[in-house]
Amino acid sequence: MPRFPDLPAAVGDALHAPSVHNTQPWRWRIGPDRVGLYADRDRHLAATDPDRRDLLLSCGAALQHLQVALAARGLYADVRRFPDPEDARHLATVLVGPAGDDVDAASAALYPAITARRTDRRRMSHRPVPAGHVWVLREHARRAGAVLVPVADAAARRRFLALLAEAGVRQANEPGYAAELRTWTNRLPGSHDGVPAGNLAGPLPRPAGLTGLRAFGPGAPAQETPPPGAPLDDAAALLVLATRTDDVLARLRAGEAAGAVLLAATGMGLATTPLSQAVEIGATRREMRTGLLHIPEHPQLVLRSAGPRRTPARWPRPAPALHAVLLPVPSGERT
Ligand SMILES: Cc1cc2nc3c(=O)[nH]c(=O)nc-3n(C[C@H](O)[C@H](O)[C@H](O)COP(=O)(O)O)c2cc1C
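Let me sum up the structure you'll find in this document.

Reading the values: the criteria
Residues numbered from 1 in each chain as written. Predicted model: local features only at pLDDT ≥ 70, side-chain atom pairs only at ≥ 80, totals over all residues. Heavy atoms only, no water. Helix = DSSP H or I, 4+ residues; strand = E, 2+ residues; numbered from the N terminus. Rg over C-alpha atoms; globule rule 2.2 N^0.38 Å. Buried < 20%, exposed > 50% of the residue type's maximum accessible area, 1.4 Å probe, protein only. Contact = heavy atoms within 4.5 Å. Areas by Shrake-Rupley, 256 points an atom, 1.4 Å probe, with all protein chains shown as cover. Lys, Arg positive; Asp, Glu negative; His and termini not counted. Charge placed at Lys NZ, Arg CZ, Asp CG, Glu CD. Salt bridge = Lys/Arg side-chain N within 4 Å of Asp/Glu carboxyl O. Pairing = 2+ DSSP bridges. Axes fitted to C-alpha atoms, helices over the stretch in contact; angles between N-to-C directions. Parallel < 35°, antiparallel > 145°, perpendicular 65-115°, else oblique. Left-handed = near helix turned anticlockwise from the far one by under 90°. Nonpolar A, V, L, I, M, F, W, Y, C, P; charged D, E, K, R; others polar. Near = heavy atom within 4 Å. Polar contact = N/O pair within 3.5 Å; in protein donor to acceptor, adjacent residues only side chain to side chain.

1. Describing the overall build of the chain
Then step 1. In terms of regular secondary structure, the chain is built from 10 helices and 10 strands.
Then step 2. Relative to the compact-globule value of 20 Å for 335 residues, the chain shows a C-alpha radius of gyration of 19 Å, a close match.
Then step 3. Over its C-alpha atoms, taken along the principal directions, the chain stretches across nearly 60 × 45 × 40 Å.
Then step 4. When the 335 residues of the chain are sorted by exposure, 54% land in the buried category.
Then step 5. Long-range pairs, those at least 24 residues apart, make up 77% of the contacts in the chain between residues at least 6 apart in sequence.
Then step 6. When the accessible area of the chain is evaluated, it comes to approximately 14,700 Å², of which 56% is carbon and sulfur surface.
Then step 7. Averaged over its 41 positive side-chain charges, the chain has a centre that lies 5 Å from the centre of its 32 negative ones.

Structure below.
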């Protein structure tokens, strides 16, 4: 029996975190005063994500959502990352206690965004994201130990979109990539994981070849045409989340930073799309870092964000089921 009866509900909240192709590559163990997070390598996309970067980013986002869910319940979270040197799948143990006056208010404030956030692949607003909003997002990344680098001007944006497109072409030729995409997309309503057909979107109405989005195939609903008088391209900010090092800890922390940035953006009324193809492919990841952004940090994930379309999101997200991802707590053992 948990000493903190809210722990199952808090882990249930964490299951709403974004994950690559909605694979939800995590397992959880709930103890009396702690929660263990484990990677589920059976859900690893070997062809899409050969470095296991996306898997760690996805689990990191879930870890961050858990911290938000605990803070919202007045609990503190003491996070031990990679606590077992003999088990690389054991990503974190979160020790829980009453926060008292020390509640993490900044995290708790993100709580309503957990269920409101959705990956939105549609054309976004043609109004640029206010600089103050970008600053807030960069602060969230910084507090989580990462940096968020905006792609600065129109010329850089064009080159960046070309790089995203190149990654798409290279990846389409990777053996096994198309099969993984087919397996995890176009799911029927009622499915517990994967990306439902209604959440996909066709290429953006940008100059040929510069859509910037992952191509999900011919079944993806077409994008709406831009409103009369609006420019062809939307004004979605392109933001690169990067870390000082590129080891497993950095990737897990990058996932936590991604979780915070996505929730903060949702809280400010922005739509968001994580884009990982150009980071999954080694050549485009290196080009992004040294040829385009000229940064010492290592790119981990691209985020696209701007005001949403006026039409509301139309999809129910596949509902994750807590019982399916819980590991038993071995008798006499802690998590
Ligand atoms: C590490 C990571 C990489 C992702 N890469 C992409 C991507 O390249 N293209 C895309 O459209 N969505 C991408 N996503 C978004 C997921 O597909 C999405 O989170 C998942 O389908 C669950 O849907 P939701 O975010 O609406 O809850 C990525 C998410 C994560 C966490």
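2. Let's talk about the pattern of salt bridges
Then step 1. Enumeration over the complete set of coordinates arrives at 21 salt bridges.
Then step 2. Linking Asp33 and Arg34 is a salt bridge whose minimum nitrogen-to-oxygen distance equals 3.1 Å.
Then step 3. You can call Arg34 buried: its relative accessible area is 12%.
Then step 4. Residue Arg253 is joined to Glu256 by a salt bridge in which the shortest nitrogen-to-oxygen separation is 3.8 Å. In this pair, Arg253 and Glu256 are both assigned in helix H8 (residues 248-267), 3 residues apart and thus about one turn of the helix distant.
Then step 5. In this structure Glu256 comes out as buried when scored by relative accessible area, which is 5%.
Then step 6. Several salt bridges share partner residues, and in doing so they unite Asp51, Arg53, Asp246, Arg251 and Arg285 into one network.

3. Points about the sheet that holds strand E9 (residues 271-275)
Then step 1. Taken together, 4 strands build an open sheet; the order of strands is E5-E8-E10-E9 and the sheet is antiparallel. For this open sheet the edge positions go to strand E5 (147-150) and E9, each flanked by a neighbour on one side alone. On average, adjacent strands in this sheet sit at an angle of 30 degrees to one another, irrespective of strand direction.
Then step 2. Across 7 bridges, the pairing between strand E8 (residues 237-243) and strand E10 (residues 298-306) is antiparallel. When the sheet's bridge partners are listed, Leu238 is paired in E10 with Arg304.
Then step 3. Those strands touched by helix H5 (residues 131-143) are E5 and E8, and its axis lies near 150 degrees from that of E5.

4. Observations concerning the packing of helix H6 (residues 154-172) against helix H10 (residues 282-293)
Then step 1. Where H6 meets H10, the closest approach of the two axes is 10 Å, and the angle between their N-to-C directions is 165 degrees. By the angle class used here, H6 and H10 are roughly antiparallel. By crossing handedness, the relation of H6 to H10 is classed as right-handed. The segment H6 lies against H10, with Ala156, Arg159, Phe160, Leu163, Glu166, Ala167 and Arg170 engaging Ala283, Thr284, Glu287, Met288, Gly291 and Leu292.
Then step 2. Residues that form the contact of H6 with H10 fall into these classes: 7 nonpolar, 2 polar and 4 charged.

5. So, the site of the ligand
Then step 1. Around the ligand, 20 residues are found, and the nearest of them are Arg117, Thr119, Arg121, Ser276 and Arg317.
Then step 2. One of the side-chain N or O atoms of Arg214 is found 3.1 Å from an oxygen atom in the ligand.
Then step 3. In this structure, Ser276 approaches the ligand through a side-chain N or O atom, which is 2.7 Å from a nitrogen atom.
Then step 4. Considering the ligand on its own, with 620 Å² of exposed area, one finds that the protein chains cover 97% of that surface.
Then step 5. Going through the elements one at a time, helix H2 (53-72) and E9 are the ones with two or more residues in the shell around the ligand.

6. Points about the packing of H2 against H8
Then step 1. Packing of H2 against H8 leaves a shortest axis separation of 6 Å and a crossing angle of 55 degrees. Regarding the angle of H2 to H8, the classification is oblique. Of the two possible hands of crossing, H2 and H8 adopt the one that is right-handed. Contact residues: Arg53, Leu56, Leu57, Cys59, Gly60, Ala61, Leu63, Gln64, His65, Gln67 and Val68 in H2; Val248, Arg251, Leu252, Ala254, Gly255, Glu256, Gly259, Ala260 and Leu263 in H8.

7. Comments concerning the pairing of E9
Then step 1. In terms of burial, E9 is largely enclosed, as 4 of its 5 residues are buried.
Then step 2. Two strands pair when backbone bridges link them, and E9 and E10 are joined in this way by 5 bridges, in the antiparallel orientation. By the bridge assignment, Thr273 is partnered in E10 with Arg304.

8. Thoughts on the side chain of Ser19
Then step 1. Tracing the backbone through its elements, the reader meets Ser19 in the loop between helix H1 (7-14) and strand E1 (26-30).
Then step 2. Accessibility expressed as a relative area gives 14% for Ser19, which makes it buried.
Then step 3. Among the polar contacts made by the side chain of Ser19, one reaches the main-chain amide nitrogen of Thr23 at a distance of 3.2 Å.
Then step 4. Among the polar contacts listed, one links the side chain of Ser19 to the backbone nitrogen of Gln24, at a separation of 3.0 Å.
Then step 5. The contact partners of Ser19, leaving out residues within four places of it in the chain, are Gln24, Pro25, Trp26 and Ser58.

9. Considering unusual backbone geometry
Then step 1. One non-glycine residue, Asn22, adopts positive backbone phi at about 50 degrees.
Then step 2. Within the fold, Asn22 resides in the loop between H1 and E1.
Then step 3. Note on Asn22: relative accessible area 12%, which makes it buried.
Then step 4. Not every positive phi belongs to a glycine, and His294 is a case in point at roughly 55 degrees.
Then step 5. Along the chain, His294 turns up in the loop between H10 and E10.
Then step 6. Looking at His294, the relative accessible area reads 57%, which means it is exposed.

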